[in-house]
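So you can see what is in the structure, the chains are spelled out below.
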Amino acid sequence: MVAALELYLDVDATRRIRTLWQALEAEGVPTMASLHERHRPHVSLAAARTLPPETVAAALRGMQVGRGLTLDMDFAGQFVGRVLWLGVTVTEELLAHHRAVHERLAAAGVEVWEHYRPGRWVPHCTVSLRVPNPVMGAAVRRCLEILPVRAQVIGAAVTDHANDIAHPLQAVAR
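Residues numbered from 1 in each chain as written. Predicted model: local features only at pLDDT ≥ 70, side-chain atom pairs only at ≥ 80, totals over all residues. Heavy atoms only, no water.

Draft legend 1. The arrangement of the nonpolar core in detail. Core analysis: the biggest nonpolar cluster contains 51 residues, and Leu60, Met73, Leu86 and Leu105 have the highest contact counts within it. Those residues in contact with Leu86 that lie beyond four places of it in its chain are Ile17, Leu20, Met73, Phe75, Ala76, His124, Cys125, Val127, Cys143, Ile146 and Leu147. (Core = buried A, V, L, I, M, F, W, Y, C linked by side-chain atoms within 4.5 Å. Buried < 20%, exposed > 50% of the residue type's maximum accessible area, 1.4 Å probe, protein only. Contact = heavy atoms within 4.5 Å.)

Shown next, in the form of structure tokens:
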């Protein structure tokens, strides 16, 4: 099980990433599109085995999660285990927002995985969790073809797709 605090992207960025997912699927690379129908392009601020939606929402009450953030995806990367992603360029604003979210979660007793905590987090938009090794190079090249992608954060939610949880947080002011 994986639960996450997801930041959602504007319509243009979402469309471009979904187009990438479709191109990769056509080439035999399973993407987030085929993992669960509810997946949408996002950047996760936090993840854990479970995240109680009501506790997370209460901890972040009054905070516009993602408000005003522009995310520039300028590179592709890979985590161990054949995970392919679009990398978000780190900015002081993004790191400060991430830290503020985690301070509130920690104060509320919400545990997150170590690699999502401040100082360890690699901001990214996951493309695939299981790229077949023989096509990894081609999949990376396909990702590079759509870059750069500039995205505005338009919303946030606590999700756990395996348990059919999608708990939106307050709308981001535009």
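Draft legend 2. Quick look at the layout of surface pockets. Of the pockets and cavities examined, the largest pocket occupies roughly 600 Å³. Val2, Trp113, Tyr116, Thr126 and Leu129 are, among the 29 residues lining the largest pocket, the residues nearest its centre. Listed by contribution, the elements that provide at least two residues to the lining of the largest pocket are strand 1 (3–9), helix 2 (32–35), strand 2 (42–48), strand 5 (124–128) and strand 6 (149–160). Tallying contributions element by element places strand 2 first for the lining of the largest pocket, with four residues. Of the residues assigned to the lining of the largest pocket, the class counts are 17 nonpolar, nine polar and three charged. (1 Å grid on protein atoms, 1.4 Å probe; cavity = no way out; pocket = protein on both sides within 12 Å on 5 of 7 lines; lining within 4 Å. Points joined across faces, edges and corners; volume = space filled by probe spheres on them. Helix = DSSP H or I, 4+ residues; strand = E, 2+ residues; numbered from the N terminus. Nonpolar A, V, L, I, M, F, W, Y, C, P; charged D, E, K, R; others polar.)

Draft legend 3. Representation of unusual backbone geometry in the model. Between Leu147 and the following residue, Pro148, the backbone shows a cis peptide bond with an omega angle of 0°. Here Pro148 is to be found in the loop between helix 5 (136–146) and strand 6. One non-glycine residue, Arg82, lies in the positive phi region at around 70°. Along the chain, the position of Arg82 falls in the loop between strand 3 (70–79) and strand 4 (83–88). The exposure class of Arg82 is partly exposed, given its relative accessible area of 32%. Backbone geometry places Asp164, a non-glycine residue, at a positive phi of 60°.

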